[in-house]
Amino acid sequence: MTIKDVARLAGVSPSTVSRVIADHPRISPNTKERVRQIMAELGYYPNAIARSLVNQTSNSIGVIRSRLTQGNFANPFFPAVIQGISSVAYKHGLSLVLSTSNSFTHEDEECLNLLRQRRVDGVILLASHRQDQLIPRLAEAGFPFVLIGRYEGSEVINWVNNDNTGDAKKAVSYLLGKGHRRVACLDGDPRYVVSADRLAGYHQALAEHGLEVDPALVEHSEFSVDGGYRATQRLLQNGEFSAIFAVDDLIAIGAMRALQERGVVVGEEVAVVGFNNTILGAYVQPALTSVHVPIYELGQIAVQMLTAQIYGSGTFPDQQMLQAQLVVRGSA
């Protein structure tokens, strides 16, 4: 069935049918209802590819998944932020195109190709890394994009984030306020800005309490349970500590497992604090104290900012910083 078949049976012109499909305000409600009824009876669906060629839009946005979640869709951060993105994209009638690359270089090229080939109208980046090469190229080309996170470069870009340095500092200060003086840090992949920011918060909290950073108490980890488990095993060989600050809940859960295997009572002998307050943290034993980041809202606001750039749908600030808070549970 074609648009001409719909027009003939509805007694209108093909251009009127096209305007009904676009929900044009100048078409009367009665005409819209009659045309839509004919479309339903015929089983007619608009050709999205043909419409995108005419309108010069794909009605799709890209989501660039960083290696921060490589092989790790189980990390609760990822589905939570995608749910937030999807909830707003759905309201705008937009499809999501997910890019899953295995290297920084491949990720950069895949993202640029999505935009050059007009497969998407704009992209959301889920993380930035140190010496990022993609963001300057996107900014120079004038492609619409929004970053969830912080960018270290000089270009002025659109982003939404939480204060990872300040939030980490508050979490570590909480442990220091409980009397802990040997606080270990399980940081993430040092190539990512988020890892550097949360590690900086750890450093600032120690400095404000007159404590020096002991390199033996800082370990880097993959953003996974196994990564946290292995990093904690290394910590246990390096020195004594009474608390652990982990920059991600999965890392913290891995740390708890390693401690419990050694017979350590988590929450009494060693306190553990995570980051992101994902759903898994509430169900481990003891329940995990964690920094609650509004992950769902990060995704929602990122889409709102992007659609404002592309389609002029509303007015939003170019940068937004969301508030996080510490949720205290049994692990600390």
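Everything here concerns the structure above.
What you see is a predicted model; the values in this text were computed from it and never measured.

What counts as what
Residues numbered from 1 in each chain as written. Predicted model: local features only at pLDDT ≥ 70, side-chain atom pairs only at ≥ 80, totals over all residues. Heavy atoms only, no water. Helix = DSSP H or I, 4+ residues; strand = E, 2+ residues; numbered from the N terminus. Buried < 20%, exposed > 50% of the residue type's maximum accessible area, 1.4 Å probe, protein only. Areas by Shrake-Rupley, 256 points an atom, 1.4 Å probe, with all protein chains shown as cover. Lys, Arg positive; Asp, Glu negative; His and termini not counted. Charge placed at Lys NZ, Arg CZ, Asp CG, Glu CD. Axes fitted to C-alpha atoms, helices over the stretch in contact; angles between N-to-C directions. Parallel < 35°, antiparallel > 145°, perpendicular 65-115°, else oblique. Left-handed = near helix turned anticlockwise from the far one by under 90°. Contact = heavy atoms within 4.5 Å. Nonpolar A, V, L, I, M, F, W, Y, C, P; charged D, E, K, R; others polar. Pairing = 2+ DSSP bridges.

Moving on, we come to the overall build of the chain. A count of helical and extended segments in the chain gives 12 helices and 12 strands. For the chain, the C-alpha atoms occupy an extent of roughly 80 × 40 × 30 Å along the three principal directions. When the 332 residues of the chain are sorted by exposure, 51% land in the buried category. Split by element, the accessible area of the chain, about 15800 Å² in all, is 50% carbon and sulfur. Placing the 29 positive and 32 negative side-chain charges of the chain at their respective mean positions leaves the two points 9 Å apart.

Before going further, it helps to spend a moment on unusual backbone geometry. Only a minority of non-glycine residues have a phi that is not negative, and only a minority of peptide bonds are not trans. Residue Pro286 is reached from Gln285 by a cis peptide bond, and omega for that bond is -10 degrees. Mapping Pro286 onto the fold places it in the loop between strand 9 (271-276) and strand 10 (289-292). A positive phi angle, near 55 degrees, is found at Arg118, a position not held by glycine. Structurally, the position occupied by Arg118 is in the loop between helix 6 (104-116) and strand 3 (123-125). In this structure, Gln131 is a non-glycine residue whose phi angle is positive, near 55 degrees. Among the secondary structure elements, Gln131 is positioned in the loop between strand 3 and helix 7 (134-141).

The geometry of helix 5 (residues 77-91) relative to helix 12 (residues 295-311) is characterised by a closest axis approach of 7 Å and an angle of 40 degrees between their N-to-C directions. As the angle between them shows, helix 5 and helix 12 are arranged oblique. In this structure, helix 5 meets helix 12 at a crossing whose hand is right-handed. Along its contact with helix 5, which presents Phe77, Ala80, Val81, Gln83, Gly84, Ile85, Ser87, Val88 and Ala89, the element helix 12 presents Ile295, Tyr296, Gly299, Gln300, Val303 and Gln304. Partitioning the contact of helix 5 with helix 12 into residue classes produces 9 nonpolar, 6 polar and no charged.

Pairing geometry for strand 4 (residues 145-148) and strand 5 (residues 159-162), over 2 bridges, is parallel. The residue of strand 5 that forms the bridge with Ile148 is Val160. As paired elements, strand 5 and strand 11 (residues 319-322) share 4 bridges and run parallel to each other. Residue Asn162 lies in a different strand from strand 11, and its bridge partner there is Leu322.

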